[in-house]
Amino acid sequence: MPTPVIAIDGEWYDLGDFYSKHPGGQKILNNFDGSDATDAFYSLHSESAIKQLKLMKPIESKRQIPEPKPIDVSFRALKDQLYADGWWERDAVEEAKLLIPIVSLIVWGTVYSYTYPLWSMVAIAIAMCQAGWLGHDMTHARNSPYNEAALTFVSGWINGFDRNWWSRKHNTHHVFTNHIGVDPDIDMMPAIFLWAPSKALDHHFRKWQHFYALPLYSLIYATWRFNSLEYAFRKNDRKTLLYKLLPGYVWLLCLPWIVSMGSILLGGWLVAVVVVQSHEAETMIDDEKPQSYVETQFISTIDIVCPDPITEFWFGGMQYQLTHHLFPTLPRYKYRKLQPVIEEWGRKNGLEYRKMGFASAMGQHMSHLRDNALKVCDENCQPSGWSVAALD
């Protein structure tokens, strides 16, 4: 079976033996077959991966290399300038400021779990929420040994997430944002319907989804924990199971059950309410092939304007979602300063950097769910389950 051939920097590359070894999985490479992956490649890969690409020999092909659009050329020039200006340099002090509150809440909640179980549940839930955002940033970090080391505690022990599972799922979401049939984050049927389903996928409770969605969102962390365990078992990844996941479950078993279960549900709900706002009511792309990377992010992503310090803390940098999607490996504590730069660049290039207030974004999301709860079935709807293929 021929392996995918992709274009990067104006050259065709046959992935050959690397195809089966790609850390991000094979599905994402299949979708880029015959397409330009330049911006997607540089958005996610480390310096060592880029050097590895440079060692590969381009192939000759009769296929015409896709010509980059003017907007893509401008975006590449912008990113080169930002790199030269030092935006990707990480600050250990800033990252310690994000980690200390998490550790403090975990310690307090654990020590007082039997004395004040409800307050402990809330404290640990907030810590789990913030550990989710910090673990997200650490997993995206490149060329940072201390982020790699801390990730086991932040993402594995606290939240029970398998880094390999999460990377495959999340990186596919980044480069195929809102692509129906590819983006795992929008593959939620038959629980949540973001568009009209076929009759085979439909369910009678769809008409109530705008009522049950908010309480259902509390299951997101429990679901991600299950998916992480299932993936690690399926891959027979004993190192992850024993050293990166098991210690966290031992800790949870030492707490009162209401603290353990309640913190997972509340922490998951706090995260879910954030993550559903930036993409799910935006443009859906019914195409499994990539479009212009920068244009895709602008049409499928919206920022949330946090009106106060509490929501600014709660959202953990995800309120600057478009800036993050354009530059996933950028440290999250630099999003706020970079956002005006991206807005100005967008204006000059005819792209709107869209932002919406917290209440308005949540209202738009619920309206989107209500509208799709009432739509007639569409027999052209993509079958669900493609998110599983992204993990193979």
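Right above here is the structure, for reference.
Now for a description of the structure that goes with this document. None of these values were measured; they are calculated from a predicted model.

## With respect to the overall build of the protein
Right, so step 1: Tallying secondary structure elements over the protein gives 18 helices and four strands in all.
Right, so step 2: Computed over the C-alpha atoms, the radius of gyration of the protein is 21 Å, within 12% of the 21 Å expected from 2.2 N^0.38 for a compact globule of 392 residues.
Right, so step 3: Taken along its principal axes, the extent of the C-alpha atoms in the protein is 70 × 50 × 45 Å.
Right, so step 4: The burial tally for the protein puts 52% of its 392 residues in the buried class.
Right, so step 5: Intrachain contacts of the protein at a sequence separation of at least 6 include 76% that bridge at least 24 residues.
Right, so step 6: Total accessible area on the protein is roughly 18500 Å²; 62% of this is exposed by carbon and sulfur atoms.
Right, so step 7: Side chains of the protein carry 36 positive and 42 negative charges; the gap between the two charge centres is 4 Å.

## Digging into the side chain of Ser43
Right, so step 1: Mapping Ser43 onto the fold places it in helix 2 (residues 38-44).
Right, so step 2: Ignoring sequence-local partners within four residues, the contact set of Ser43 consists of Lys79, Val175, Tyr293, Pro328 and Thr329.

## Focus on helix 16 (residues 335-348)
Right, so step 1: Here helix 16 is 14 residues long and its end C-alpha atoms lie 20 Å apart, about the 20 Å a rise of 1.5 Å per residue gives.
Right, so step 2: For helix 16, the elements touching its buried residues are helix 4 (70-84), helix 6 (117-140), helix 13 (293-300), strand 3 (303-305), helix 15 (321-326) and strand 4 (355-357).
Right, so step 3: In the segment just after helix 16, Gly350 is the residue with positive phi, at about 75°.

## Quick notes on the packing of aromatic side chains
Right, so step 1: According to the stated counting rule, one finds 20 aromatic pairs in the structure shown.
Right, so step 2: Ring centres of Phe32 and Phe176 lie 5.0 Å apart, and the angle between their planes is 50°; this geometry places the pair in the tilted category. Pair noted here: Phe32 is in the loop between helix 1 (27-31) and helix 2 and Phe176 is in the loop between helix 8 (163-175) and helix 9 (209-216), with a separation of 144 residues, a long-range link.
Right, so step 3: Under the relative-accessibility criterion, Phe32 is labelled buried at 6%.
Right, so step 4: By relative accessible area, Phe176 is classed as buried at 0%.
Right, so step 5: Ring centres of Phe75 and Tyr293 lie 6.1 Å apart, and the angle between their planes is 45°; on these two criteria the pair is classed as tilted. Of this pair, Phe75 sits in helix 4 while Tyr293 sits in helix 13, and the two are 218 residues apart along the sequence. Neither residue differs from the other here; Phe75 and Tyr293 are each classed as buried.

## Some words on a negative patch on the surface
Right, so step 1: On the surface, Asp286, Asp287, Asp378 and Glu379 cluster together to form a negatively charged patch.
Right, so step 2: Inspection of the secondary structure assignment puts Glu379 in the loop between helix 17 (358-374) and helix 18 (386-389).
Right, so step 3: For Glu379, a relative accessible area of 53% corresponds to the exposed category.

## Some thoughts on the pattern of salt bridges
Right, so step 1: By the definition in use, this model includes 15 salt bridges.
Right, so step 2: Between Arg206 and Asp202 there is a salt bridge, with the nearest N and O atoms lying 2.7 Å from each other.
Right, so step 3: The buried category is assigned to Arg206, whose relative accessible area is 5%.
Right, so step 4: Where Glu344 meets Arg347, a salt bridge forms, and the shortest distance between an N and an O atom there is 2.8 Å. A residue pair is termed a helical-turn pair when its members lie 3 or 4 positions apart in one helix, as Glu344 and Arg347 do in helix 16 at three residues.
Right, so step 5: Since its relative accessible area comes to 33%, Glu344 is described here as partly exposed.

## Some words on a nonpolar patch on the surface
Right, so step 1: Side chains of Val103, Val107, Trp108, Val111, Tyr112, Tyr116 and Trp119 sit close together on the surface and give an oily, nonpolar patch of about 710 Å² of accessible area.
Right, so step 2: For Trp108, the location among the structural elements is in helix 5 (residues 92-111).
Right, so step 3: A relative accessible area of 35% places Trp108 in the partly exposed class.

## A few points about the layout of surface pockets
Right, so step 1: The computed volume of the second largest pocket comes to approximately 790 Å³.
Right, so step 2: Lining the second largest pocket are 33 residues, and of these His22, Pro23, Gly24, His45 and Ala49 lie nearest its centre.
Right, so step 3: Of all the secondary structure elements, the ones that give two or more residues to the lining of the second largest pocket are strand 1 (5-8), helix 1, helix 2, helix 3 (47-55), helix 6 and helix 8.
Right, so step 4: In terms of residue count, helix 8 provides more of the lining of the second largest pocket than any other element does, eight residues in total.
Right, so step 5: Residue composition of the lining of the second largest pocket, by class: 18 nonpolar, 12 polar and three charged.

## Here we look at the nonpolar core
Right, so step 1: Residues Phe298 and Phe327 are the most contacted members of the largest nonpolar core, which totals 90 residues.
Right, so step 2: By residue number, the principal contributor to this core is helix 6, which donates eight residues.
Right, so step 3: Those residues in contact with Phe298 that lie beyond four places of it in its chain are Leu322, Leu326, Ile342, Trp345, Leu351, Glu352, Tyr353 and Arg354.

## Thoughts on the state of the cysteines
Right, so step 1: Enumeration over the complete set of coordinates arrives at zero disulfides.
Right, so step 2: A disulfide-free cysteine, Cys377 has its sulfur positioned 8.9 Å from the sulfur of Cys381, the nearest such atom.
Right, so step 3: You can call Cys377 partly exposed: its relative accessible area is 28%.

Rules of the game
- Residues numbered from 1 in each chain as written.
- Predicted model: local features only at pLDDT ≥ 70, side-chain atom pairs only at ≥ 80, totals over all residues.
- Heavy atoms only, no water.
- Helix = DSSP H or I, 4+ residues; strand = E, 2+ residues; numbered from the N terminus.
- Rg over C-alpha atoms; globule rule 2.2 N^0.38 Å.
- Buried < 20%, exposed > 50% of the residue type's maximum accessible area, 1.4 Å probe, protein only.
- Contact = heavy atoms within 4.5 Å.
- Areas by Shrake-Rupley, 256 points an atom, 1.4 Å probe, with all protein chains shown as cover.
- Lys, Arg positive; Asp, Glu negative; His and termini not counted.
- Charge placed at Lys NZ, Arg CZ, Asp CG, Glu CD.
- Expected span 1.5 Å × (residues − 1).
- Phe/Tyr/Trp six-rings, centres within 6.5 Å; stacked < 30°, edge-to-face > 60°.
- Patch = residues over 30% accessible without salt bridge, like charges linked within 9 Å, V, L, I, M, F, W, Y side chains within 5 Å.
- Salt bridge = Lys/Arg side-chain N within 4 Å of Asp/Glu carboxyl O.
- 1 Å grid on protein atoms, 1.4 Å probe; cavity = no way out; pocket = protein on both sides within 12 Å on 5 of 7 lines; lining within 4 Å.
- Points joined across faces, edges and corners; volume = space filled by probe spheres on them.
- Nonpolar A, V, L, I, M, F, W, Y, C, P; charged D, E, K, R; others polar.
- Core = buried A, V, L, I, M, F, W, Y, C linked by side-chain atoms within 4.5 Å.
- Disulfide = S-S within 2.5 Å.

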